[in-house]
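In case you want the letters, here they are:
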Amino acid sequence: MHKRLFIPGPVDVSEDVLQKLATPQIGHRTKDASELQRRITEKMRKVMYTENAILLSTSSGSGLMEGAVRSCTRKRAAVFSVGAFGDRWYKMATSNGVPADKFSSELGQPTTPQMVEEALATGKYDLITITHNETSTGIMNPVEEIAEVIRKYPDVIFCLDTVSSLGGTKIEVDKLGVDICITSTQKCLGLPPGMAICSFSPKAIAAAKQVENRGLYFDLLDLYNYIEKKDHQYPSTPSLPHMFALDYQLDKILAEGLDNRFARHLEMAKYVRAWAKDKFEMLAEDQYASNTLTTVKNTRNISVSDLNKELGKRGYMISNGYGDLKDVTFRIAHMAETTLEDIKTLLSIIEEILGL
Ligand SMILES: Cc1ncc(COP(=O)(O)O)c(C=O)c1O
């Protein structure tokens, strides 16, 4: 039996979108492939609110995160971490030989504009990475305030991890001054895992040109050059099935209306937060709570794995905590095509199982 997924990715994919993965293949060096990638670019620009170049990567989001820090750090990277995914970005930098420092917040706390100001004021850094939505803690960072600080340092390349938020909440890339905004297909965009997407600003392009060793597969400048020189093509063979499905799903997202889509995510988030506060506790403070997933403190000390077993028998699945929060929290995602009705059903089943 298929379990309805309320885990923070991969998410359930609509049947019609799944069908698009089975589109007959085309040559990846054809006009049709260029047109497909161009259509995706135009639609992604709308979802990201940007005029910047759009790069696709046949990898999950981690590939572009690694590529961003390696391709565009000339001097030193300031990596801000609010949990597991910020920590991983720091490891990506150091394991590629990119000089970097990590600035961590306590688990459950955000990156603050003050922290960013202090780091950038040293003049040591020319690239900064921020996690927009930390999927382990369910924190959404105050990105507008952070962006205001970064704007004062025009030499700094601003990389934003929106893997678990883009498509579920408004992220205005150009207004925020984000140079590289990275996301994956398997979360709020509502597609299967296997492709990643980022925006790439003229400033990031200029920075990459000054970096000698950018690697190869995740060289963001190489990805960009193929768009420019080969009319929207990809340097190696891309996942064409994902591209067919993405092209189609982006039409659906735009037809729903971005504001409607974001409002639906927020409505679900508010419902889950109220439930979490009533029955357990929230890990995040209200002002930093994520709109796309909720991390619930396991104050009743329930066995999440037993709960998931029972949910599984009924055709549902939630997520345990991540990393250091594995046993002390559990997570309920409200992403992609999930509806408030789905959430209400899930929570009432959880109540029934736990006798709440
Ligand atoms: C916030 C965040 N960043 C990065 C990643 C890594 O993305 P991917 O699994 O697509 O490589 C994840 C995955 O869950 C994530 O939630």
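Note on numbering: residues in each chain are counted from 1, in written sequence order. Note on the predicted model: pLDDT of at least 70 is required for a residue's local features to be given, and 80 or more for side-chain atom pairs to be given and counted; whole-chain, interface and lining totals, by contrast, use all residues. The basis for every side-chain value is the complete set of heavy atoms in the structure, and neither hydrogens nor water enter the calculation.

## A short note on the site of the ligand
For clarity, the threshold we go by: For each residue, the test is whether any non-hydrogen atom lies within 4 Å of the molecule or strand; if one does, the residue is near. The term polar contact refers here to a pair of N or O atoms within 3.5 Å; inside protein, the definition further demands a hydrogen-donor-capable atom paired with an acceptor-capable atom, and it admits residues adjacent in sequence only when both atoms are side-chain atoms. Each accessible area is a Shrake-Rupley estimate made with a 1.4 Å probe; only the visible protein chains count as cover when residues are assessed. Each helix is a run of DSSP H or I of at least 4 residues and each strand a run of E of at least 2, with the numbering of both proceeding from the N terminus. Each residue is assigned to one class: nonpolar for Ala, Val, Leu, Ile, Met, Phe, Trp, Tyr, Cys and Pro, charged for Asp, Glu, Lys and Arg, and polar for all the others, Gly among them.
Around the ligand sit 13 residues in total, of which Ser60, Ser62, Thr135, Asp161 and Ser184 are the nearest. With respect to the ligand, the side chain of Thr135 contributes an N or O atom lying 2.4 Å from an oxygen atom. Surface burial for the ligand is 88%, taken as the share of its 390 Å² of free accessible area covered by protein chains. Among the elements that take part in the shell around the ligand, helix 3 (residues 61-72) stands out by supplying 3 residues, more than any other. Residues belonging to the shell around the ligand are distributed by class as follows: 3 nonpolar, 8 polar and 2 charged.

## A look at the domain arrangement of the protein chain
Accessible area lost during the coming together of the parts is what is often quoted as the interface size. Heads up, the rule is: The domain limits used here are those given by an automatic or database domain assignment. Contact criterion: two residues are considered in contact whenever any of their non-hydrogen atoms come within 4.5 Å of each other. Buried area adds together the accessible area that both of two parts lose upon being put together, with accessible area traced by a 1.4 Å probe.
Per the domain assignment, the segments of the protein chain are domain 1 (4-9 + 257-354) and domain 2 (24-254). Using C-alpha coordinates to define each centre, domain 1 is positioned 26 Å away from domain 2. Listed per partner, the contact involves 25 residues of domain 1 and 32 residues of domain 2. In total, about 2,300 Å² of surface goes out of reach between domain 1 and domain 2, with carbon and sulfur atoms giving 60% of it. The three residues of domain 1 that bury the most area against domain 2 are Leu258, Phe262 and Tyr288, which together make up 27% of that side's buried surface. One can count 17 residue pairs in polar contact (both at pLDDT 80 or more) joining domain 1 with domain 2. Where the side of domain 1 that touches domain 2 is concerned, the elements lending two or more residues are helix 11 (258-279) and strand 12 (293-297).

## Some points on the UniProt feature "domain: Aminotransferase class V" (unreviewed entry) in the protein chain
Counted only if it meets this: UniProt positions are given in the numbering used here, feature names are shortened, and annotations may be inferred rather than shown by experiment.
Here the UniProt-annotated "domain: Aminotransferase class V" (unreviewed entry) positions come out as residues 28-321. Helix makes up 45% of residues 28-321 and strand 17%, and the two end C-alpha atoms of the span are 40 Å apart.

## Digging into the pattern of salt bridges
The condition that has to hold: Salt bridges are counted wherever a side-chain nitrogen of Lys or Arg sits within 4 Å of a carboxyl oxygen of Asp or Glu.
Evaluation of the coordinates by the stated rule reveals 26 salt bridges. Residues Lys297 and Glu281 are paired through a salt bridge, measuring 3.5 Å at the closest nitrogen-oxygen approach. Of this pair, Lys297 sits in strand 12 while Glu281 sits in strand 11 (residues 281-282), and the two are 16 residues apart along the sequence. A cluster of three or more residues bridged by salt bridges with shared partners is formed by Arg39, Lys43, Asp247 and Asp251.

## A closer look at the state of the cysteines
Note the cut-off: The definition used for a disulfide is geometric: two cysteine sulfur atoms within 2.5 Å.
Using the criterion set out here, one finds 0 disulfides in the structure. Note on Cys72: no disulfide assigned, nearest cysteine sulfur contributed by Cys159 at a separation of 6.4 Å. With no disulfide partner, Cys181 has as its closest neighbouring cysteine sulfur the one in Cys198, 8.4 Å distant.

## Considering the UniProt feature "modified residue: N6-(pyridoxal phosphate)lysine" (unreviewed entry) in the protein chain
Look at the UniProt record and you will see "modified residue: N6-(pyridoxal phosphate)lysine" (unreviewed entry) annotated at Lys187. One can find Lys187 in the loop between strand 9 (180-184) and strand 10 (196-200). Dropping the residues within four chain positions of it, Lys187 is found in contact with Pro8, Gly9, Val11, Val163, Ser164, Met335 and Ala336.

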